[in-house]
Amino acid sequence: MKFRTRAIHVGNEPCPQTGAVVPPIYLASTFMQHEAGKWRDFDYSRSGNPTRSCFEHTISELEGGAGAMAFATGMAATTCVMAMLKSGDHVLCGSDIYGGTYRLLHKVSNRAGIETSLADSTDSVAFAKAIQPNTKLVWIESPGNPRMTITDIAACAKIAHDAGALLGVDNTFATPVLTRPIELGADIVMHSATKYIGGHSDIMGGVLVANTKELYDELYFVANATGAIMSPLESYLCSRGLKTLELRVREQSKTALLLAEWLDTHPRVACVRYPGLPTHPGHDLAAKQMEGGFGAMMSFDLDGSFDDTKRVVESTKLFHLAVSLGAVESLIEQPASMSHASYDAADRAKHGITDGMIRLSVGLEDFEDLRDDLTQAIG
Ligand SMILES: *Cc1c(COP(=O)(O)O)cnc(C)c1O
C-alpha cells in the first residue's frame, strides 16, 4: 500500500465491538485485570493506552520503524533519548538545529555530565572529525533550522555507526512524506508532532520511532519510567492529522517553492534559503533525499537592520507573527529574537543566524494571497 493509504488505514481499524470507523478515544487511566499479576494488553495509561497505541502504530509504519512512542511534546521525546545517556557520554550535534534542542543539551543535559558539541553536519568530513572517543549519539536535522541546510543522513549514519554511536534524526521539517531517515540508516527518528503531524496549531506532541525492537525496548523503558506521555485526546488528533499529512505537505511544499522563487527575485531580499532552489548548496542532495518536494519551511535575509526586519515580521496580515510551524496557517518570525533566542549570541553569530533573517512556515493558503501579503509587508 502507498503512503497515503497506510496513513488512513494502518492503526485505524474499525472498532470490533461497534463497527465505528474511527477508533474511540480511551480516556481510562487504568484497566481492569482478570487475574492478579497477569496483565492484559493494557494495564495503566502511562505504560500504554489504546488511543495512543493507534497513533504510535501508524507513525511507526509510516517511518518504517520497529516501534514508536508518543510524548507530551517534541522536547519530551528528545529528553527521553538524552535520558538513555549517562555521565561522561558525548553528543555530537549538527549546528543548524532547533533552539530548544540547543538549550536542552547545553543547559540541562550538561548538568548530568553529558557533553555536547556542535559541528557543521553538511560537511561530512569535518563532521566526522568532531566525533570523540566518548560519542554515543549523533543528532541532526535536515532541513536544518533556521538556515535550511541539508545534511546527508546516510553519510551521518555511517559516521555514527563507525564510532559505535547511534544516529538520531529530528525529522520534524521533512516529515516521513518527504524523508524517511530509518531507510537511510538512522536509528531513531524524532518528531515534534506539534508541527506537521498535528498540522492545525492546536496540539502539542512528540514522537520517537526506533529502527529495531531492542532500541524500542530501551527507549520505552525510559519513556515509561519518566512518564511524559501523549494524552488520549492529543493521540486521537495526531491520528487524524496523519490522514491528511501527505496532501498537506505536498501542497504546502508547492506553494513554498513558488514563494521562494518569487522572493529570490525581490530587490529587498538579500538571500533566500530554500532547498528547492537550484542555487541552494544542498539542492542536489535534497533532490535525492527528499521525495517529490522540498518542504514548506524557508528563511530569507532582508537587506536591512534588526529593526527593519522586526518591522517586516510585524506587518504581515495573513502570516501570523509566531514561532512554531507546520500548520495550515502560515507563520512568520525573526529567529534572532524568537525561535533561536535561546542560543547564546556568540553561537548565533558563529552559526549564521543573522539579525536580518526571517523564517516562514508556509501554510495551505493560496500562493497569490501569501505573496501579496509579503509584498505589502516588505514594502
Ligand atoms: C518544535 C520543534 C521541536 C520541539 O517540539 P515541541 O513540540 O515544541 O516540544 C523540536 N524540533 C523541531 C525541529 C521543532 O520544530
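Structure shown above.
These numbers were taken from a predicted model, which means no experiment stands behind them. Starting from 1, residues in each chain are numbered consecutively following that chain's sequence as written. Whole-chain, interface and lining totals are the exception, using all residues; otherwise, since this is a predicted model, local features are given only for residues with pLDDT of at least 70 and side-chain atom pairs are given and counted only at 80 or more. The basis for every side-chain value is the complete set of heavy atoms in the structure, and neither hydrogens nor water enter the calculation.

Draft legend 1. Inspection of the site of the ligand at higher detail. In the neighbourhood of the ligand, 15 residues make up the surrounding shell, with Met75, Asp170, Ser192, Thr194 and Lys195 lying closest. Contact distances for the ligand include 2.8 Å between an oxygen atom and a side-chain N or O atom of serine 192. For the ligand, an oxygen atom lies 2.7 Å from a polar atom in the side chain of threonine 194. The protein chains hide 95% of the 380 Å² of surface that the ligand would expose on its own. Only a single heavy atom is needed: when it lies within 4 Å of a molecule or strand, its residue is near that molecule or strand. Residues adjacent in sequence count toward polar contacts only when both atoms are side-chain atoms; beyond that, a polar contact is any pair of N or O atoms within 3.5 Å, and within protein one must be able to donate a hydrogen and the other to accept it. Each accessible area is a Shrake-Rupley estimate made with a 1.4 Å probe; only the visible protein chains count as cover when residues are assessed.

Draft legend 2. Just the nonpolar core, in detail. Core analysis: the biggest nonpolar cluster contains 56 residues, and Phe55, Leu259, Leu263, Met298, Phe300, Leu360 and Leu374 have the highest contact counts within it. Top contributing element to this core by residue count: helix α10 (residues 245-264), with seven residues. Domain assignment of the residues forming this core places at least three in each of domain 1 (3-243) and domain 2 (248-378). By definition, residues are in contact when any of their heavy atoms lie within 4.5 Å. With residues near it in sequence (within four places) discarded, methionine 298 still touches Met148, Ala256, Leu259, Ala260, Leu263, Arg273, Tyr274, Ile358, Arg359, Leu360 and Val362. Put simply, a nonpolar core is a bunch of buried Ala, Val, Leu, Ile, Met, Phe, Trp, Tyr and Cys residues held in one set by side-chain atoms that sit within 4.5 Å of each other. Buried residues are those whose accessible area, probed at 1.4 Å on protein chains only, stays under 20% of the maximum for their type, while exposed residues exceed 50% and partly exposed ones sit between those limits. Core analysis: the next-biggest nonpolar cluster, separate from the first, contains 29 residues, Met69, Leu137, Ile188 and Leu208 among them. Going along the chain from the N terminus, every DSSP run of H or I of four or more residues is numbered as a helix, and every run of E of two or more is numbered as a strand. Residue ranges labeled as domains rest on an automatic or database domain assignment.

Draft legend 3. Examining unusual backbone geometry more closely. A cis amide bond links serine 142 with the next residue in sequence, proline 143, at an omega value of -5 degrees. The residue after asparagine 145, namely proline 146, is reached through a cis peptide bond having omega 15 degrees. Examined against the element boundaries, proline 146 turns out to sit in the loop between β4 (135-141) and α6 (153-162). Phi is positive for serine 201, which is not a glycine, with a value near 55 degrees. Turning to its location among the elements, serine 201 is positioned in the loop between β6 (188-192) and β7 (206-210). Given a relative accessible area of 45%, serine 201 falls into the partly exposed group.

Draft legend 4. Fine view of the sheet that holds strand β10 (residues 320-321). Here the rule is simple: two strands pair whenever DSSP picks up at least two bridges between them. Overall, mixed pairing links the five strands, which are arranged β8-β9-β12-β11-β10 in an open sheet. The open sheet terminates on both sides in strands that have one partner only, identified here as β8 (269-273) and β10. Two elements, strand β9 (residues 297-302) and strand β12 (residues 357-361), share five bridges in a ladder whose sense is antiparallel. Among the inter-strand pairings, phenylalanine 300 is bridged to a residue of β12, identified as isoleucine 358. Helix axes are fitted only over the stretch in contact, all axes being lines through C-alpha atoms; the angle between N-to-C directions runs from 0 to 180 degrees. The strands that α10 touches are β8, β9 and β12; relative to β9, the one it contacts most, it runs at about 15 degrees.

Draft legend 5. Examining helix α9 (residues 232-243) more closely. Its twelve residues place the ends of α9 17 Å apart at the C-alpha level, agreeing with the 16 Å of an ideal helix rising 1.5 Å per residue. Looking only at α9, the buried set comprises Pro232, Ser235, Cys238, Ser239, Gly241 and Leu242. Where α9 is buried, its residues meet α1 (3-9), α2 (50-63) and α10. Helices are assigned an expected span. That span is 1.5 Å times one less than the residue count.

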